[in-house]
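Here's the letter readout for the chains.
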Amino acid sequence: MSGPGEQTGSRHRFGHTELPPRQAAALRRAERLEVVTFLYMTTCVAVVFATAGGSQAMKTAWIEDSLALIPPLAFLVAVRVGRRRPSADHPYGYHRATGIGHLTAAVALLAVGLLLIEDSAMGLLRAEHPPIGTVHLLGQTFWSGWLMVAAMVYTGIGPFVLAQLKLPLAEKLHDKVLYADADMQKADWMTAAGTIAGVLGIGVGWWWADSTAALLISLSIVRDGWSNLRHASTALMDERARTYDDEHPHPLTQDVDEALRRLPWVVDSRSRVRDQGHVFHVEAFVRPAEGQAPTLDQLEEAVDLLRDLDWKLHDVVVMPVRDLPDTIPDPRAEGAR
């Protein structure tokens, strides 16, 4: 028998938040796409490894493809863990599993990217001339570089197509791991193009083209790692809720306060909204009209009102106060600046 918090139950919820049909369908599709991505990238790793030869750019591309296995795996694990219901030890649920997955992928990208930059730069400084010989296949002898080019075409097209399918799902599910995965894959064609340029450069006698391409790929890995590390870290530090792509503060924060201010007994409202993973935790402080202490029914009505705004508003607390907290900035004042 499972212990508290271990039951996963319905596949169409996060914690005790049942997903609307649109999000449930998006989650099913996202899980299938991530399984396909993991299997496809496994074949890419094998193909690039088999054709890498002595090319530094190919070896760097192989490591990047290996790292690309982490985000889909992190997503699948985080979704599974996030389905667990809250328990005594985890009263807020297990939604932070998404943030942990995001952070894990970011640290791996950044660390490996920095090591690859050093390796590529040393190759340039040492003026290494990578050898690319010939291969005998199907009764024909030809330059190994053409196999490398074919391998990079194979590894460059698939991720771009998968990314285009994942991006709208990341928005529907408010899933930052899925978005980070799609965003990195969307740019994988540049890695493939850079590697092809490096390999062809060796073919025409430009020894430096290979290490230069490897260095550019390494910089791309570091950029992705740093960007994801920054966003994952601030989310785990309870930064105010932001959009799935971390570009802007999430509009639901303002929607919460505007909805509460429309209640006849509320004069003003100020809210703290933090991103728990796929869902938000809301602490709303409301100042009632003078002489109108809210009843339990009115407070419950306010909570229900907020939960009806959006499926992501998961845990909602409405607290009547005499004065609004000075520690919570007014979004209206920020918007006016």
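Trainee: Hey, could you run me through the side chain of Gln23 in this one?
Mentor: On the secondary structure map, Gln23 appears in helix α1 (residues 21–51). The buried category is assigned to Gln23, whose relative accessible area is 6%. The contact partners of Gln23, leaving out residues within four places of it in the chain, are Lys172, Leu173 and Trp311.

Trainee: How do you make sense of the packing of aromatic side chains when you look at a structure like this?
Mentor: Here a ring pair, both rings aromatic, is described through the centre-centre distance and the interplanar angle of the planes. Considering all chains together, one arrives at three aromatic pairs under this definition. On the numbers, 5.3 Å between centres and 55 degrees between planes, the contact of Tyr40 with Tyr154 is tilted. Residue Tyr40 is located in helix α1, and its partner Tyr154 is located in helix α5 (residues 144–173); the two are separated by 114 residues in the primary sequence. Both rings, one in Tyr179 and one in Tyr244, keep their centres 5.3 Å apart while their planes meet at 90 degrees; by these two values the pair is edge-to-face.

Trainee: Would you explain the confidence of the model for the protein in this entry?
Mentor: Atom-level detail of predicted coordinates should not be read off regions where pLDDT is low. Summarising the model, the protein shows a mean pLDDT of 84, and 90% of its residues fall at 70 or more. Note on residues 1–9: pLDDT is under 50 here. Beyond four places in sequence and across chains, it has 14 contacts.

Trainee: Got a minute to help me understand the nonpolar core in this structure?
Mentor: Side chains of nonpolar character tend, in soluble globular proteins, to be buried together. By size, the foremost hydrophobic cluster in this structure holds 29 residues, and its most contacted members are Leu27, Phe75 and Leu178. Breaking this core down by element, the ones donating at least two residues are α1, α3 (70–82), α5 and α6 (176–186). Considering every element that reaches this core, the biggest residue donor is α1, with nine residues. Among the nonpolar cores identified, the runner-up in size contains 20 residues, and Leu252, Val286, Leu313 and Val318 belong to it.

Trainee: When you look at the sheet that holds strand β5 (residues 266–275) in this model, what are you seeing that I'm missing?
Mentor: Hydrogen bonds between backbone atoms are what pair the strands of a sheet, whose relative direction is either parallel or antiparallel. Read across the sheet, three strands follow the order β5-β6-β7 without closing on themselves; strand pairing throughout is mixed. For this open sheet the edge positions go to β5 and β7 (313–320), each flanked by a neighbour on one side alone. Averaged over all pairs of adjacent strands, the angle between their axes in this sheet comes to 20 degrees, without regard to strand direction. Contacts from helix α10 (residues 296–307) reach β6 (280–288) and β7, with the element oriented near 145 degrees to β7.

Trainee: Even after reading the chapter, I still don't get the pairing of β7, so can you show me in this structure?
Mentor: Across a regular strand the side chains alternate sides, sitting on one face of the sheet and then on the other. In this sheet, β7 lies alongside β6 in parallel orientation, the contact comprising seven bridges. The residue bridging Val286 from the neighbouring strand is Pro320, located in β7. Since β6 and β7 lie parallel, the crossover through α10 that links them has a hand, and here it is right-handed.

What counts and how
- Residues numbered from 1 in each chain as written.
- Predicted model: local features only at pLDDT ≥ 70, side-chain atom pairs only at ≥ 80, totals over all residues.
- Heavy atoms only, no water.
- Helix = DSSP H or I, 4+ residues; strand = E, 2+ residues; numbered from the N terminus.
- Buried < 20%, exposed > 50% of the residue type's maximum accessible area, 1.4 Å probe, protein only.
- Contact = heavy atoms within 4.5 Å.
- Phe/Tyr/Trp six-rings, centres within 6.5 Å; stacked < 30°, edge-to-face > 60°.
- pLDDT = per-residue confidence, 0-100.
- Core = buried A, V, L, I, M, F, W, Y, C linked by side-chain atoms within 4.5 Å.
- Pairing = 2+ DSSP bridges.
- Axes fitted to C-alpha atoms, helices over the stretch in contact; angles between N-to-C directions.
- Right-handed = clockwise from strand over helix to strand, strands pointing away.

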